[in-house]
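These are the residues of each chain, in order.
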Amino acid sequence: MSDKKSWEEVAITAARARAEQESRSLWRAEGTPPFNYRWEHLKAVVAIAETLAQELGADRDVVRAAAWLHDLAKEEIAEGRDSHGEASAQEAKKILEATDFPPEKIPRVMYAIAQHVGLFRDEPLQNLETAIIWDADKLSKLGATSLVHYLMTNPASVPGITTERYFAQYRDWLETAARIVSSMNTPPGRKMAEERYQFMQRFYRQLAQELGQGG
Ligand SMILES: [Fe+2]
Ligand SMILES: [Fe+2]
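A few points on the structure. (Residues numbered from 1 in each chain as written. Chains lettered and ligands numbered in written order. Predicted model: local features only at pLDDT ≥ 70, side-chain atom pairs only at ≥ 80, totals over all residues. Heavy atoms only, no water.)

## Focus on the pattern of salt bridges
Enumeration according to the criterion identifies 16 salt bridges in this entry. The salt bridge partner of Arg108 is Glu129, with a shortest N-O separation of 3.5 Å. Of this pair, Arg108 sits in helix H5 (residues 106–114) while Glu129 sits in helix H6 (residues 128–139); the two residues are 21 residues apart in sequence, bridging distant segments of the chain. Accessibility expressed as a relative area gives 33% for Arg108, which makes it partly exposed. Judged by relative accessible area, Glu129 falls into the buried class, the value being 7%. Because the salt bridges share partners, they merge into one network encompassing Asp59, Asp61, Lys105, Arg108 and Glu129. (Salt bridge = Lys/Arg side-chain N within 4 Å of Asp/Glu carboxyl O. Helix = DSSP H or I, 4+ residues; strand = E, 2+ residues; numbered from the N terminus. Buried < 20%, exposed > 50% of the residue type's maximum accessible area, 1.4 Å probe, protein only.)

Quick look at the structure:
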């Protein structure tokens, strides 16, 4: 029996600490910030990834570890480009190596994390766990939960936001979201994305109607 620590406990603790740090800086808060977006995002990604993993018969350890740890180094920029995928993969490796996580699976976790960055892609990802992490990460930006995340975070990034301004932002976001839907790798991911997108369209139309904006 290994005397190393339980990997999931360690991964969750590390992910939560980084999420809290990011959230305090976003809200410029000393104590508990009004909303911890990163933590909510991670919980959503883990739940979606787990569902997809079950449906597609993927490795549960690889998928859960990658989901918890994929945004550890969210702020990382190297040579002017977003390098948080590679940086998070390296941090995840160090964290998992010190736990009871099966060492032979660590490279798959790292690969899935390194590949998750961006919102769109032309070619589907071939590796199953990597494809699932991409889909789960993007799915977390679509649908009703994402709407809560967006609304709760908005005042931190756009002080003085108004309903009309939010409406205009949401119209732009819908265009981006349509492209996110087409970037899904797996059939269940695609189906979930389409359902979530339909909800977003309904919400947008209702809001347009109530604001007299004609959609
Ligand atoms: Fe990310
Ligand atoms: Fe993410």
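## A few points about the coordination of the iron ion (ligand 1)
At the metal site, the iron ion (ligand 1) is ligated by Asp71 (OD), His84 (NE2) and His116 (NE2), and these contacts range over 2.0 to 2.2 Å. Sequence spacing among the residues donating to the iron ion (ligand 1) works out to D-x12-H-x31-H. In this structure, the iron ion (ligand 1) lies 3.5 Å from the iron ion (ligand 2), and both are coordinated by Asp71. With Asp71 in the loop between helix H3 (60–69) and strand E1 (77–78) and His84 in helix H4 (residues 84–97), this pair connects stretches of sequence that are 13 residues apart. Pair check on accessibility: Asp71 and His84 agree, each one buried. (Donors = N, O, S within 2.8 Å, 3.2 Å for Na, K, Ca; no water.)

## Some remarks on the coordination of the iron ion (ligand 2)
Around the iron ion (ligand 2), the donor atoms from the protein are His41 (NE2), His70 (NE2), Asp71 (OD) and Asp137 (OD), and they sit 2.1 to 2.2 Å away. Given the relative accessible area of 6%, Asp71 is considered buried.

## Brief notes about the nonpolar core
Ranked by internal contacts, the top residues of the largest apolar core, which has 54 residues, are Leu69, Leu96, Val109, Leu139, Leu142, Tyr170 and Met200. Elements supplying a minimum of two residues to this core: helix H1 (7–27), helix H2 (37–56), H3, H4, H5, H6, helix H8 (163–181) and helix H9 (187–210). Beyond its immediate stretch of four places on either side in the chain, Tyr170 contacts Leu147, Met200, Phe203 and Tyr204. In terms of nonpolar packing, the next biggest core, distinct from the first, is built from 5 residues, Trp27, Ala29, Phe35 and Tyr37 among them. (Core = buried A, V, L, I, M, F, W, Y, C linked by side-chain atoms within 4.5 Å. Contact = heavy atoms within 4.5 Å.)

## Here we look at the layout of surface pockets
Taken as a whole, the largest pocket holds about 660 Å³ of empty space. Around the largest pocket, the lining comprises 32 residues; the ones closest to its centre are Tyr37, Arg38, Lys141, Tyr150 and Thr153. Listing elements by their share of the lining of the largest pocket, those giving two or more residues are H1, H2, H6, helix H7 (143–157) and H8. In terms of residue count, the dominant contributor to the lining of the largest pocket is H7 (6 residues). Within the lining of the largest pocket, the residues separate by chemical class into 9 nonpolar, 14 polar and 9 charged. (1 Å grid on protein atoms, 1.4 Å probe; cavity = no way out; pocket = protein on both sides within 12 Å on 5 of 7 lines; lining within 4 Å. Points joined across faces, edges and corners; volume = space filled by probe spheres on them. Nonpolar A, V, L, I, M, F, W, Y, C, P; charged D, E, K, R; others polar.)

## Considerations on the packing of aromatic side chains
Evaluated as defined, the whole model comprises 8 aromatic pairs. Pairing Tyr166 with Tyr170 gives two aromatic rings, centres 5.8 Å apart and planes at 35°, and the pair type is tilted. With Tyr166 and Tyr170 both in helix H8, this residue pair falls 4 residues apart, about one helical turn. The same class applies to Tyr166 as to Tyr170, namely buried. The interplanar angle of 80° and the centroid separation of 5.1 Å between the aromatic rings of Tyr170 and Phe203 together place this pair among those described as edge-to-face. Of this pair, Tyr170 sits in helix H8 while Phe203 sits in helix H9, and the two are 33 residues apart along the sequence. Residue classification places Tyr170 among the buried residues on the basis of a relative accessible area of 2%. Across from the ring centre of Trp134, 4.9 Å away, lies the NZ or CZ of Arg121, which sits over that ring. (Phe/Tyr/Trp six-rings, centres within 6.5 Å; stacked < 30°, edge-to-face > 60°. Lys NZ or Arg CZ within 6 Å of the ring centre and 35° of its normal.)

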